[in-house]
Amino acid sequence: MSDLLQQLDAVLESRKQDADAEGSRAAEGSYVASLHRKGLNKILEKVGEEATEVILAAKDVESGGDRQAMIAETADLWFHSLVMLSHLGADSQEVLNELGRRFGLSGLEEKASRTQD
Ligand SMILES: N=c1c2ncn([C@@H]3O[C@H](COP(=O)(O)OP(=O)(O)OP(=O)(O)O)[C@@H](O)[C@H]3O)c2ncn1[C@@H]1O[C@H](COP(=O)(O)O)[C@@H](O)[C@H]1O
């Protein structure tokens, strides 16, 4: 799975370079390049929109609705979050590293270690 994330990171990085290149023809047919060109606020707007759509789709599943719609909305949220990271010079590996660092550490213990000062 992280192979796919790595490949996607590479595509996103290349789209960002296309977006940065003045008059780039490669950027013209690219959704990701168009987001970079619109800037951080547009990307954050999409992240917020997709997060809301995930919530609505998940509530729908709870009441017997379409499970696949929840999966698709979650993929949209992950994707737009990756575009946000890329826009700000970060990538999925850094998020995976952070999850790896937390792996096996209870969320309650971790929270307690932060609040015991
Ligand atoms: N994984 C994705 C991906 N997921 C979702 N989307 C696009 O995200 C857009 C916004 O999704 P919405 O649900 O908001 O749909 P919408 O109603 O069409 O959009 P709005 O009108 O609300 O803005 C849609 O156009 C989707 O096609 C994606 N676009 C690209 N990718 C990946 O990024 C790569 C590069 O894409 P391009 O830059 O377009 O070549 C692709 O090869 C894919 O691997």
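I will try to describe carefully the structure that is included in this document. (Residues numbered from 1 in each chain as written. Predicted model: local features only at pLDDT ≥ 70, side-chain atom pairs only at ≥ 80, totals over all residues. Heavy atoms only, no water.)

### Quick word on the overall build of the chain
Inclusion rule: Starting at the N terminus, helices and strands are each numbered in turn, a helix being any DSSP run of H or I of at least four residues and a strand any DSSP run of E of at least two. A radius of gyration in this sense is built from C-alpha atoms; the matching globule rule multiplies 2.2 Å by the number of residues raised to 0.38. For each residue, the accessible area found with a 1.4 Å probe, counting protein chains only, is set against the maximum for its type, and the residue is called buried under 20%, exposed over 50%, and partly exposed in between. Whether two residues are in contact is decided by their heavy atoms, any of which lying within 4.5 Å being enough. Calculation of accessible area relied on Shrake-Rupley with a 1.4 Å probe; when residues are assessed, cover is drawn exclusively from the protein chains displayed.
Of the regular secondary structure elements, the chain holds six helices and zero strands. Counting from the amino terminus, the chain carries its helices and strands in the arrangement α-α-α-α-α-α. Taken over C-alpha atoms, the radius of gyration comes to 17 Å for the chain, far larger than the 13 Å a tight globule of 117 residues would show. With the C-alpha coordinates aligned to their principal axes, the bounding extent of the chain is approximately 50 × 40 × 30 Å. Among the 117 residues that make up the chain, the fraction classed as buried is 24%. Sequence-distant contacts in the chain: of pairs separated by 6 or more residues, those separated by 24 or more amount to 54%. Surface summary for the chain: the accessible area is close to 8,200 Å², and the carbon and sulfur share equals 55%.

### What to know about the pattern of salt bridges
Rule in force here: Throughout this description, the term salt bridge denotes a Lys or Arg side-chain nitrogen within 4 Å of a carboxyl oxygen of Asp or Glu.
Across all of its chains, the model carries six salt bridges by this definition. With a closest N to O distance of 3.0 Å, Glu-62 and Lys-59 form a salt bridge. Placement of the pair is Glu-62 and Lys-59 together in helix α3 (residues 40-62), with a separation of three residues, close to one helical turn. The residues Glu-62 and Lys-59 share a single accessibility class, namely exposed. Across the salt bridge formed by Glu-98 and Arg-102, the nearest N and O atoms sit 3.0 Å from each other. Remark: Arg-102 and Glu-98 occur in helix α5 (residues 92-102); sequence separation between them is four residues, near one turn of the helix.

### Comments concerning the nonpolar core
Applied cut-off: Throughout this description, the term nonpolar core refers to a set of buried Ala, Val, Leu, Ile, Met, Phe, Trp, Tyr and Cys residues connected via side-chain atoms within 4.5 Å.
One finds Leu-5, Leu-12, Val-32, Leu-35, Ile-43, Leu-82, Val-83 and Leu-85 forming the largest nonpolar core, which totals eight residues. Contributing elements (two or more residues each) for this core: α1 (2-20), α2 (31-38) and α4 (67-87). Considering each element in turn, this core owes the most residues, three residues, to α4. Apart from the residues within four sequence positions on either side, Leu-35 is in contact with Lys-42, Ile-43, Lys-46, His-80 and Val-83.

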